[in-house]
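Chain residues, written in single-letter form:
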Amino acid sequence: MNVRIRDATPADEEFLWTMLTYAASMDPGGAASVAAAKSDDNLGSYVKGWMRAGDLGVVAVDGSGAPLGAAWLRLLEGPPMPFKVATPELPELAIAVEPRARGQKLGASMLEELFRRSSGRYPAIVLSVRATNPSIHLYERAGFVEASRIPNRVGGDSIVMRRAL
Ligand SMILES: CC(C)(COP(=O)(O)OP(=O)(O)OC[C@H]1O[C@@H](n2cnc3c(N)ncnc32)[C@H](O)[C@@H]1OP(=O)(O)O)[C@@H](O)C(=O)NCCC(=O)NCCS
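This section reports on the structure supplied with the text. The model shown is predicted, which means the values in this text are computed figures rather than measured ones.

## As for helix α1 (residues 13–24)
Line of reasoning, step 1. Relative to the 16 Å expected for 12 residues at 1.5 Å per residue, α1 spans 16 Å between its end C-alpha atoms, a close match to the ideal helical length.
Line of reasoning, step 2. Residues F15, L16, W17, M19, L20, T21 and A24 constitute the buried set of α1.
Line of reasoning, step 3. Turning to α1, the residues buried within the fold contact α2 (34–38), α3 (41–44), β2 (56–61), β3 (67–74) and β4 (92–97).

Laid out in structure tokens, this is it:
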């Protein structure tokens, strides 16, 4: 597949909502639809108002420019939110790929590009992932290391991971 990775722009907001729904659906209690993600304050905070100052993202597109996946970073703005691990200095990662395009290293390529673009801008990137999500392998290969464990929205364990830039 002919794939290119470009910077995310404000026009990508709707696509990011779709990608957020995929990422959240890994939770049994996660959003099942874009409408559900938009009406959930915690989840919605990953995308609402994209792009604001400090937001940084990449989008993988096919030869015709159709988006296949996205990886993006957002700093915490306002009071701390339960289950969010971003801080005002450390942005949190969200990532997803369309089901038909998974397993072809798009996730790994987007992370590499995101690290390149965010290096020198932030000291590190953080993320939280359910302990049962296979994406942990991808994060470990990309240099994320476990920092702590926290309870998640649906009563299970999530692993907080951090990657220095
Ligand atoms: C996680 C995800 C972005 C990876 O993208 P990708 O292009 O398939 O990734 P790559 O081909 O670069 O790497 C493959 C790795 O992805 C992960 N992966 C594969 N299928 C997955 C799935 N259905 N769900 C979650 N992670 C998966 C595994 O870590 C896999 O490595 P492994 O084969 O050694 O176990 C993609 O699978 C996805 O969108 N999953 C659903 C959303 C999600 O779970 N997001 C993360 C929430 S914290």
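## A word on the pattern of salt bridges
For side chains bearing opposite charge, pairing can occur when the charged atoms are close.
Line of reasoning, step 1. In total, this model carries 9 salt bridges according to the counting rule given.
Line of reasoning, step 2. Because the salt bridges share partners, they merge into one network encompassing D7, E113, R116 and R117.

## Overview of the packing of aromatic side chains
Line of reasoning, step 1. Using the criterion set out here, one finds 2 aromatic pairs in the structure.
Line of reasoning, step 2. Judged by centre distance (5.9 Å) and plane angle (55 degrees), the ring pair of F115 and F144 falls under tilted. Note that F115 is positioned in helix α4 (residues 106–118) and F144 in the loop between α5 (135–141) and β6 (145–151), a separation of 29 residues in sequence. No difference in accessibility class separates F115 from F144, as the two residues are buried.
Line of reasoning, step 3. Arranged with centres 5.7 Å apart and planes meeting at 70 degrees, the rings of Y139 and F144 form a pair that is edge-to-face. This pair shows no difference in class: Y139 is buried, exactly as F144 is.
Line of reasoning, step 4. Members of the aromatic cluster, joined through ring pairs, are F115, Y139 and F144.

## Focus on unusual backbone geometry
Line of reasoning, step 1. In this chain, W50 is followed by M51 through a cis amide linkage whose omega measures -5 degrees.
Line of reasoning, step 2. Here M51 shows up in the loop between α3 and β2.

## With respect to the environment of I150
Line of reasoning, step 1. Counting through the fold element by element, I150 comes out in strand β6.
Line of reasoning, step 2. Looking at I150, the relative accessible area reads 23%, which means it is partly exposed.
Line of reasoning, step 3. For the pair I150 and A96, spaced 54 residues apart in sequence, the C-alpha to C-alpha distance is 22 Å.
Line of reasoning, step 4. Leaving out residues up to four positions away in the same chain, I150 has contacts with V85, G156, D157, S158 and V160.

## A word on the site of the ligand
Line of reasoning, step 1. Every one of the 22 residues lining the ligand counts as a neighbour, but V97, G103, K105, P134 and H137 are closest to it.
Line of reasoning, step 2. Contacts to the ligand include G103, whose backbone N or O atom sits 2.7 Å from an oxygen atom.
Line of reasoning, step 3. Protein burial of the ligand: of its 840 Å² of free accessible surface, 79% is covered by the chains.
Line of reasoning, step 4. Under a 2 Å grid-point criterion requiring more than half of the atoms, the pocket assigned to the ligand is the largest pocket.

## Quick notes on the layout of surface pockets
Line of reasoning, step 1. In this structure, the largest pocket occupies an estimated 1,100 Å³ of space.
Line of reasoning, step 2. Around the largest pocket, the lining comprises 43 residues; the ones closest to its centre are A23, I95, N133, S135 and Y139.
Line of reasoning, step 3. Going through the elements one at a time, α1, α3, β4, α4, β5 (124–130), α5 and β6 are the ones with two or more residues in the lining of the largest pocket.
Line of reasoning, step 4. Considering only enclosed or pocket space, the second largest pocket measures out at about 180 Å³ in volume.
Line of reasoning, step 5. If you go around the second largest pocket, you meet 13 residues; those closest to its centre are D41, G44, S45, K48 and M81.
Line of reasoning, step 6. Residues of the lining of the second largest pocket, tallied by class, amount to 3 nonpolar, 2 polar and 8 charged.

## Quick look at α4
Line of reasoning, step 1. Spanning 13 residues, α4 covers 18 Å between terminal C-alpha atoms, matching the ideal 18 Å at 1.5 Å per step.
Line of reasoning, step 2. Buried residues of α4: L106, G107, M110, L111, E113, L114, F115 and S118, and no others.
Line of reasoning, step 3. Once α4 ends, the next one or two residues include G120, with phi positive near 90 degrees.

Criteria and cut-off values
- Residues numbered from 1 in each chain as written.
- Predicted model: local features only at pLDDT ≥ 70, side-chain atom pairs only at ≥ 80, totals over all residues.
- Heavy atoms only, no water.
- Helix = DSSP H or I, 4+ residues; strand = E, 2+ residues; numbered from the N terminus.
- Expected span 1.5 Å × (residues − 1).
- Buried < 20%, exposed > 50% of the residue type's maximum accessible area, 1.4 Å probe, protein only.
- Contact = heavy atoms within 4.5 Å.
- Salt bridge = Lys/Arg side-chain N within 4 Å of Asp/Glu carboxyl O.
- Phe/Tyr/Trp six-rings, centres within 6.5 Å; stacked < 30°, edge-to-face > 60°.
- Near = heavy atom within 4 Å.
- Polar contact = N/O pair within 3.5 Å; in protein donor to acceptor, adjacent residues only side chain to side chain.
- Areas by Shrake-Rupley, 256 points an atom, 1.4 Å probe, with all protein chains shown as cover.
- 1 Å grid on protein atoms, 1.4 Å probe; cavity = no way out; pocket = protein on both sides within 12 Å on 5 of 7 lines; lining within 4 Å.
- Sits in = over half its atoms within 2 Å of the grid points.
- Points joined across faces, edges and corners; volume = space filled by probe spheres on them.
- Nonpolar A, V, L, I, M, F, W, Y, C, P; charged D, E, K, R; others polar.

Everything listed here is a matter of geometry and, on its own, says nothing about what the molecule does.
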